[in-house]
Amino acid sequence: MSVVLDQSGVSTLVGTPKEVRARLSRSHADRVLVVSFDHIKPNVFEALAENFANVASSMYEVLQERQDLNSLERLAEVFVTRKPPSPRLLKEAAMLVQARKAVLESGDWLTAADIAQVAQLSTRNPSAQPNKWKKQGQIFAINHGGVDYFPGYGLDPDASYRPLKALAKVIEVFEGHKDSWGMAYWFRSDNSFLGGKKPQDLLASAPDRVIDAALDEIQGIAHG
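Computed from a predicted structure; not experimentally measured. (Residues numbered from 1 in each chain as written. Predicted model: local features only at pLDDT ≥ 70, side-chain atom pairs only at ≥ 80, totals over all residues. Heavy atoms only, no water.)

**Observations regarding helix α8 (residues 180–188)**
Helical geometry note: an α-helix holds 3.6 residues per turn, so side chains three or four residues apart project in the same direction. To keep it simple, the criterion reads: For every residue, the accessible area obtained with a 1.4 Å probe (protein chains only) is divided by the maximum for its type, and the residue is called buried under 20%, exposed over 50%, and partly exposed between those limits. We count a stretch as a helix when DSSP gives it H or I for four or more residues in a row; a strand needs E for two or more, and each element gets its number in order from the N terminus. For this analysis, a polar contact is any N or O atom pair within 3.5 Å, provided that within protein one partner can donate a hydrogen and the other can accept it, and provided that sequence-adjacent residues contribute only side-chain to side-chain pairs.
When α8 is considered as a whole, its buried residues turn out to be W181, G182, M183, A184, W186 and F187. Backbone nitrogen of W181 and a side-chain oxygen of the N-cap are separated by 3.3 Å at the start of α8; the cap is D179.

**Things to note about the confidence of the model for the protein chain**
The line we're drawing: Confidence per residue, as judged by the predictor, is encoded in pLDDT with a range of 0 to 100. Here, two residues are considered to be in contact whenever any of their heavy atoms come within 4.5 Å of each other.
Confidence in the prediction of the protein chain, expressed as mean pLDDT, is 82, and 74% of residues score 70 or more. Across residues 3–7, confidence stays below pLDDT 50; counting only partners more than four residues off in sequence or on other chains, it has 17 contacts.

**Some words on the pattern of salt bridges**
Test applied: Basic side-chain nitrogens of Lys or Arg form a salt bridge, by our definition, when they fall within 4 Å of a carboxyl oxygen of Asp or Glu.
Across all of its chains, the model carries 4 salt bridges by this definition. Close ionic contact of R88 with E92 constitutes a salt bridge, the shortest N to O distance being 2.9 Å. In this pair, R88 and E92 are both assigned in helix α4 (residues 87–104), 4 residues apart and thus about one turn of the helix distant. For D190, the salt bridge is made with K198, and the minimal N-O distance between the two is 3.3 Å. Given a relative accessible area of 57%, D190 falls into the exposed group. With a relative accessible area of 26%, K198 lands in the partly exposed category.

Structure representation (C-alpha cells):
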C-alpha cells in the first residue's frame, strides 16, 4: 500500500482493494474516487497511478483557484507526454492498429457464448468451458474491449466443436515466444513454409505441416 501523491487536499492511494479499504477506513475525506483494474501489468499500473495522481492534483488546483494562465499551463503539462513519440514509434503503433483490426474483422473469432451455442455447452455459464480449454492450453483467445475471442478455425466441427488437438501443440511450441495476438497474426499470415498458405487454413486438414511450420518459426526467431 502506498500514497502516490498527498498534497493540495488530494491523496492518491495505490494498492490492493483490501489495503485501500483499510486506509479509507481511517480517512476523513469528503469524497472518494476509485479506479479499479481487473488485469494489469505492474509496470503499467505504476505508470498509470503516477499519472492519475498528477492529473487529480492539477485539476483540483485549477478548479479551486482562479483559472489563470499558469494554472492552465500546469494542467496542460500533465496531459502532454514529456517526450514526444518518435516517427518510428508512431509508425509501429499504426501498423499494430491495422494488424489488430484485420484480425478482428476477419470473421474467424467467436465469443464464449458463441462457442457454447455451436458446441451445445451449458448456456448458464458459457465462458466456463472455453476458459477451461484456454487454461489447459487447448485453445487461445485474444482480448479486445474486455471480451475474449476464440479462433473458430481452432475448433473441430466433426468433434462437436471441441479444440483441434493440433492447436494445443502449436500453442505449446509458441509458449514464451508469442502471446495470443502474436499467434493470431501468425495463423492468418501467408506462410512460406506452407507454400504461401495460411496456417489457419491447414490446421484441420494438415495439422502436422502446421506444427512443423510453427517449429520452423521458432527456429527463425532463435537465430534472429
